[in-house]
Each structure stands twice: as structure tokens, then as C-alpha cells.
Amino acid sequence: MTKRGQGRGNLIEAAQAEFEEHGYDGTNSNAIAKRAGYAPQTFYRHFADKRAIFLAVYQQWAAVEGRDVSVAGTPEAIATALVHHHRTHRVFRQSLRALTVSDAEVSKARARARLDQVATLATRLGHSDTAQLLAGILQIERLCDALVDGEFEACGISEDRVRDELVRAIRHLFSDRTQ
């Protein structure tokens, strides 16, 4: 039996699973509600539409990724955490990338999340060159996506070699660039 107040969380969990299996375009609110064990109208008590729940899933996804990266102590551990996170959420990330280009609300949410990442890094690293930090984040993110999407493998480049480049990019981002 579902406890009162768990509806929103259950719907987000169900939506994440649906987006992982079917992508954004292959998912609908009725499937999300059904997967969570609710009638379709329950979905609309918590979310205006599919985009709203996608953004809630993205917010949760970004928080988990941030937590996983923050507890990783070395560039190698950060690389492992990021690749695992991107691999586990590959289909969701594909939808996220596509929606970032085609949907203004998703684009705004993603920009806010990236600026939060920059602020966290600026505090951690003791400098605030937003362009430099964001360029590093985007480079690392793109390497992870290309790795899990098989782009390197298609070009005959091993995962170990890509991980070496990813670690190098992470080291570069975390190096002292204030000199």
C-alpha cells in the first residue's frame, strides 16, 4: 500500500524508468501513472504535463550525479562515477540532449543546472572563471556521452583509452588555473 504523500515521488521514479526504457517521445503520462500504480488522473494532480515530470526527473538526476561526483576523491574515481551515471541513464540523457535544443523550458532548466555546477566548482576550486569552468564541464560531459553512446568504439578507440582522456580532462579542470 502506498503511504499518503508518496504520490509525487512514486511518479518521478516511474517516469525515470519509463524515460530510460522508451525515451521522452516514447513515454506518455498514462504509462507513467500506470507504472507507479495510479490512475491517469493522479498524474495530473502532481504534474501539469510530461515535460514537467521530465524536468523533475532531470532535477533529481542532476542532484544524484552531483552527489556521486562530490564523494569521488580522485580524477579516476570521478571519471568512473560519471561514466557509470551516464551509462545507467543513457536513453534519458539522449532525450535530455534533444529536448535542450527543441524545448525552451528544458533548455532553461539545463542552463540553471550547469550554472549550479559552475558555482559548486568555483567554490571547490577557489576561482570563478565561468567560461573556463563551463568549458571543462561540457568537455567532460561530451566525452562521457560519446563513450556510452559508442562513438569512440565505432572509430576503433578502446574504452580504456577514452577513460584516460576523460581523466586528463578532469585533472585539467581541477588544476590550478588561477596562475
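Residues numbered from 1 in each chain as written. Predicted model: local features only at pLDDT ≥ 70, side-chain atom pairs only at ≥ 80, totals over all residues. Heavy atoms only, no water.

On to the overall build of the protein, then. In terms of helices and strands, the protein carries ten helices and zero strands. The N-to-C order of helical and strand elements in the protein reads α-α-α-α-α-α-α-α-α-α. The burial tally for the protein puts 41% of its 179 residues in the buried class. Long-range pairs, those at least 24 residues apart, make up 65% of the contacts in the protein between residues at least 6 apart in sequence. If you sum the accessible surface of the protein, you get close to 10,000 Å²; carbon and sulfur atoms cover 51% of it. Separation of charge centres in the protein, based on 24 positive and 23 negative side chains, amounts to 5 Å. (Helix = DSSP H or I, 4+ residues; strand = E, 2+ residues; numbered from the N terminus. Buried < 20%, exposed > 50% of the residue type's maximum accessible area, 1.4 Å probe, protein only. Contact = heavy atoms within 4.5 Å. Areas by Shrake-Rupley, 256 points an atom, 1.4 Å probe, with all protein chains shown as cover. Lys, Arg positive; Asp, Glu negative; His and termini not counted. Charge placed at Lys NZ, Arg CZ, Asp CG, Glu CD.)

Moving on: the nonpolar core. Residues L11, F19, I32, I53 and F54 are the most contacted members of the largest nonpolar core, which totals 23 residues. Judged by nonpolar contacts, the second largest core, of 22 residues, contains V69, V118, A122 and A169. (Core = buried A, V, L, I, M, F, W, Y, C linked by side-chain atoms within 4.5 Å.)

A few words on the pattern of salt bridges. Considering all chains together, one arrives at 18 salt bridges under this definition. For R51, the salt bridge is made with D103, and the minimal N-O distance between the two is 2.9 Å. Taken together, the residues R51 in helix α4 (residues 50–71) and D103 in the loop between α6 (90–102) and α7 (104–125) connect sequence positions 52 residues apart. Judged by its relative accessible area of 14%, D103 falls in the buried class. Its salt-bridge partner being D145, residue R97 comes within 3.3 Å of it at the nearest N-O pair. Residue R97 is located in helix α6, and its partner D145 is located in helix α8 (residues 130–148); the two are separated by 48 residues in the primary sequence. Overall, R97 belongs to the partly exposed group, its relative accessible area being 26%. (Salt bridge = Lys/Arg side-chain N within 4 Å of Asp/Glu carboxyl O.)

Turning our attention to the environment of T74. Within the secondary structure layout, T74 lies in the loop between α4 and α5 (75–88). In sequence terms T74 and I170 are 96 residues apart; their C-alpha atoms lie 9.3 Å from each other.

So, about the environment of D149. The residue D149 is located in the loop between α8 and α9 (151–154) in this model. Put simply, D149 and H86 are 63 residues apart on the chain and 9.4 Å apart in space, counted from C-alpha to C-alpha. If near-sequence neighbours (up to four positions away) are discounted, D149 is found in contact with R90, Q94 and R97. Among the polar contacts made by the side chain of D149, one reaches the side chain of R97 at a distance of 2.7 Å. (Polar contact = N/O pair within 3.5 Å; in protein donor to acceptor, adjacent residues only side chain to side chain.)

With respect to the helices and strands, S95 occurs in helix α6. Judged by relative accessible area, which is 10%, S95 ranks as buried. Only 2.8 Å separates the side chain of S95 from the backbone nitrogen of Y24, close enough to count as a polar contact. If near-sequence neighbours (up to four positions away) are discounted, S95 is found in contact with G23, Y24 and F54.

To continue, consider α5. Under the 1.5 Å per step criterion, the end-to-end length of α5 is 20 Å for 14 residues, consistent within 8% with the ideal 20 Å. By the burial criterion, the buried members of α5 are P75, I78, A79, A81, L82, V83, H85 and H86. Packing partners of the buried residues in α5 comprise α4, α6, α8 and α10 (159–174). (Expected span 1.5 Å × (residues − 1).)

Worth remembering: the numbers are spatial, not functional.
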